[in-house]
Amino acid sequence: MDDIGSTRSRAALSGIEQRVLAVRDDSLFDRESHHIGGSPSGIGPRGLPVCTNCHRPLAFALQIDTHDSRLGIQPWTTRHLYVLTCPSCDTQTCDHTHYASSRSGRSLRLVRQPAGHVIDAEHPRTWPELRLEILEDAEPAFDGPFHQWGGDPIWLGDALEPSCTSCRSPMTFVLQIDSEPENGVLFADHGMLYAFACFRCHQEVATIVQTA
Ligand SMILES: [Zn+2]
Ligand SMILES: [Zn+2]
């Protein structure tokens, strides 16, 4: 790819103004708002899709309340954008898990789970319920944690730019959440969780975990 092509491809993925996210241990927060762990607002206990690779339900990592105007995004199909991952497969396939909301909006359906080795290691499948705060800062502290909304992803491995399986558009990077073990936030072996969304058809999300 030439320089102009790669600049264009980066621009297509850099649709959201960058903000730093912070993880807060605050038991009194609004469960409808942005948070890690706990349960997804409006999605029932059987509303999470099953991974076609390992046949276990995808794990709910976090949600973003898309009605928050500070996010700088267009309206999403459902009020919340849910970030799911398969802890048994997510670091093994080097490709994204794609899922979307069902018609009712009360469950999520798997669109594509790449095939790969299923790991035996017991990576966390649940996380403590923690508030996610959007800070005014645009750059994370130099020593992390690298929780980020928008901007460009900080890849721990190869850069991966997913396309929506429904409309074929390049997907927009929405967030990354770093492992923060002191708060119980751990993805695989100190990995980083990345999420992309399609802002053309407003329904498909793609996620991946990378480790250094
Ligand atoms: Zn799996
Ligand atoms: Zn799409």
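Conventions used here
- Residues numbered from 1 in each chain as written.
- Chains lettered and ligands numbered in written order.
- Predicted model: local features only at pLDDT ≥ 70, side-chain atom pairs only at ≥ 80, totals over all residues.
- Helix = DSSP H or I, 4+ residues; strand = E, 2+ residues; numbered from the N terminus.
- Rg over C-alpha atoms; globule rule 2.2 N^0.38 Å.
- Buried ≥ 20, exposed ≤ 12 C-beta atoms within 10 Å, placed from the backbone.
- Contact = placed C-beta atoms within 7 Å.
- Pairing = 2+ DSSP bridges.
- pLDDT = per-residue confidence, 0-100.
- Core = buried A, V, L, I, M, F, W, Y, C linked by C-beta atoms within 7 Å.

### Looking at the overall build of the chain
For the chain, the helix and strand inventory stands at one helix and eleven strands. In the chain, the succession of α and β elements from N to C terminus is α-β-β-β-β-β-β-β-β-β-β-β. For a compact globule of 212 residues, the expected C-alpha radius of gyration is about 17 Å, and the chain comes in at 16 Å, within 12% of that figure. A principal-axis box enclosing the C-alpha atoms of the chain has dimensions of 45 × 40 × 35 Å. Across the 212 residues in the chain, those meeting the buried criterion constitute 40%. Put simply, of all contacts in the chain between residues at least 6 apart along the chain, 69% involve residues at least 24 apart.

### Thoughts on the pairing of strand E4 (residues 80-85)
Strand residues, when the strand is regular, have side chains that alternate between the two faces of the sheet. Taken across its six residues, E4 has six buried, putting it largely inside the fold. Residues His 80, Tyr 82 and Leu 84 point to one face of E4 and Leu 81, Val 83 and Thr 85 to the other, with burial holding for every one of them. Here strand E3 (residues 59-65) runs beside E4; their pairing, made up of six bridges, is antiparallel. Across the sheet, Phe 60 pairs through a bridge with Leu 84, a residue of E4.

### Some remarks on the sheet that holds E3
Sheet architecture is open: eleven strands sit in the order E4-E3-E2-E7-E1-E8-E9-E10-E11-E5-E6, paired in antiparallel fashion. Of all strands in the sheet, those bounded by a partner on one side alone are E4 and strand E6 (108-112). Strand direction decides the pairing type here: strand E1 (residues 19-24) and strand E8 (residues 148-149), joined by two bridges, are antiparallel. Opposite Val 20, over in E8, you have Gln 148 as the bridge partner.

### Re the environment of Pro 40
Note that Pro 40 resides in the loop between strand E2 (35-36) and E3. Residues Pro 40 and Pro 140, spaced 100 residues apart in sequence, show a C-alpha to C-alpha distance of 26 Å.

### Some remarks on the confidence of the model for the chain
Averaged over the chain, the pLDDT score is 89; the fraction of residues at 70 or greater is 93%. Looking over the chain, one finds the lowest element-wise mean pLDDT in helix H1 (residues 3-13), namely 40, and the highest in E2, namely 98. Counting interchain partners and residues more than four positions distant, the pLDDT-below-50 stretch residues 1-14 has eleven contacts.

### A few points about the nonpolar core
Within the largest apolar cluster, 48 residues are counted, with the highest numbers of intra-cluster contacts made by Ala 61, Leu 84 and Phe 196. Here this core takes six residues from strand E10 (residues 192-197), the largest share from any one element. Each residue touching Phe 196, except ones within four places of it in the same chain, is listed here: Pro 162, Met 171, Thr 172, Phe 173, Val 174, Val 205 and Ala 206.

### Focus on the environment of Ile 177
Residue position: Ile 177 is located in strand E9 (residues 172-178). With 27 C-beta atoms packed within 10 Å, Ile 177 lands in the buried category. Along the primary structure Ile 177 and Ile 119 are separated by 58 residues, whereas in three dimensions their C-alpha atoms are 21 Å apart. Setting aside residues up to four positions removed in sequence, Ile 177 forms contacts with Leu 62, His 147, Val 185 and Leu 193.

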